[in-house]
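Analysis of the macromolecular model
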Protein chains: 2
Amino acid sequence: MRLSSRGEYGVRAMLHLALNYNEGYISLSRIAAAEDISQQYLEQIFANLRRGGLIRSNRGVKGGYTLASPPQSIYVGDIIRVLDGPITPVECVSEEGDEPDCRCGKSDNCLARNLWMKLRDHINQLLDEISLQDMLKWKN
Amino acid sequence: MRLSSRGEYGVRAMLHLALNYNEGYISLSRIAAAEDISQQYLEQIFANLRRGGLIRSNRGVKGGYTLASPPQSIYVGDIIRVLDGPITPVECVSEEGDEPDCRCGKSDNCLARNLWMKLRDHINQLLDEISLQDMLKWKN
DNA sequence: TAATAACATACTAATTTACTCTGGATTTAA
DNA sequence: TTAAATCCAGAGTAAATTAGTATGTTATTA
């Protein structure tokens, strides 16, 4: 049940953008240095975040990245799903739709499947109710 | 945020033991066949479950495995922790104790860390309140 | 003593992860 | 107009993890 480093780094970087939301565009090199993350790796992560519509970019000198919407309307769940795909404990309950491809065969009446769905929903619910703004408020 | 196949298989196998709790010792070959899991792989999983005190075994003909305690007192969290170790989204908040070894450096006042702890606790709370007995009741 | 079944451990192939490497495109400012 | 800064794109890769196999031993029962 571990998060990928992409997800972890992505949340940290987005938090950095939220923290500096009023400063406009922030260069990736600054973020990478501040968060101690490989710059090239972070570039890949930001490419995904941008394609996912969570951040905006400007090229060239004075360019950089900024949040696509204010911190109060970006949720952790959005970030992780963009970077890692659906948040689910097992492939079998990955989609909200009901056409499972379980390795257990018995797609109907699979007791374990009920558990995985509960767990999936439980995790997503939490991550979808915590915004970047909420996290900023945790600051001491 | 995926569960390992060990965790998935382990829960399914334990559920199988719960379903047949009154029959006494069940052979691993029976479980492997019923659940369509590699028998040798399942042996490794059962070794861990046994060392973790969740199941009991008998050797020889008529031998097999049975739950170490009744289905109502074995929780999914126990099973997964025995098989996969601490349930945590990032290594940094793996222990309940407060000596973090974060890759982010700033172990104090790390906003992301607060999130990971919340997520860790949220997941563990759910998995620690669902027993095998609870899952049996989901049967239709 | 033969069959059955748990127990133990080493090995391995495939996949995934977490990056690095290389080069190009765009913008700003001197 | 040129140099520097910056984003952008995609291929490659080493290490770790995962999901198993393979082989053999020990214990129990009929």
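Okay, so let's go over this structure.

Inspection of the region around DNA strand D gives 25 residues, with Leu 28, Arg 50 and Ser 57 of chain A together with Gln 44 and Arg 59 of chain B positioned closest. Taking Glu 43 of chain A, its side chain carries an N or O atom lying 3.3 Å from a base nitrogen of DNA strand D. At 2.7 Å from a phosphate oxygen of DNA strand D is found a side-chain nitrogen or oxygen belonging to Arg 50 of chain A. For the surface near DNA strand D, the secondary structure elements donating two or more residues are helix H3 (39–51), strand S1 (55–58) and strand S2 (64–67) of chain A together with helix H1 (5–19) and helix H3 (39–51) of chain B. Per-element tally for the surface near DNA strand D: the top contributor is H3 of chain A, with four residues. Here the surface near DNA strand D is composed, by residue class, of seven nonpolar, 13 polar and five charged.

Interaxial distance between helix H5 (residues 111–127) of chain A and helix H5 (residues 111–127) of chain B falls to 10 Å at its minimum, and their mutual angle equals 155°. With respect to H5 of chain B, the axis of H5 of chain A lies roughly antiparallel. The two elements H5 of chain A and H5 of chain B cross, and the hand of that crossing is right-handed. Along the contact surface, H5 of chain A presents Leu 115, Lys 118, Leu 119, His 122, Ile 123, Leu 126 and Leu 127 of chain A, while H5 of chain B presents Leu 115, Lys 118, Leu 119, His 122, Ile 123, Leu 126 and Leu 127 of chain B.

This next bit is on the protein's contact with DNA strand C. The local shell around DNA strand C holds 23 residues, among which Ser 38, Gln 44 and Arg 59 of chain A together with Leu 28 and Ser 57 of chain B are the closest. The share of sugar and phosphate among atoms of DNA strand C within 4 Å of the protein is 66%. Tyr 9 of chain A places a polar side-chain atom, nitrogen or oxygen, 2.9 Å from a phosphate oxygen of DNA strand C. Measuring from a base oxygen of DNA strand C, one finds a backbone N or O atom of Val 61 of chain B at 3.3 Å. Those elements giving two or more residues to the surface near DNA strand C turn out to be helix H1 (5–19) and H3 of chain A together with H3, strand S1 (55–58) and strand S2 (64–67) of chain B. Counting residues per element, the surface near DNA strand C draws most heavily on H3 of chain B, at four residues. Class assignment of the residues belonging to the surface near DNA strand C gives a composition of six nonpolar, 12 polar and five charged.

Criteria and cut-off values
Residues numbered from 1 in each chain as written. Chains lettered and ligands numbered in written order. Predicted model: local features only at pLDDT ≥ 70, side-chain atom pairs only at ≥ 80, totals over all residues. Heavy atoms only, no water. Near = heavy atom within 4 Å. Polar contact = N/O pair within 3.5 Å; in protein donor to acceptor, adjacent residues only side chain to side chain. Helix = DSSP H or I, 4+ residues; strand = E, 2+ residues; numbered from the N terminus. Nonpolar A, V, L, I, M, F, W, Y, C, P; charged D, E, K, R; others polar. Axes fitted to C-alpha atoms, helices over the stretch in contact; angles between N-to-C directions. Parallel < 35°, antiparallel > 145°, perpendicular 65-115°, else oblique. Left-handed = near helix turned anticlockwise from the far one by under 90°. Contact = heavy atoms within 4.5 Å.

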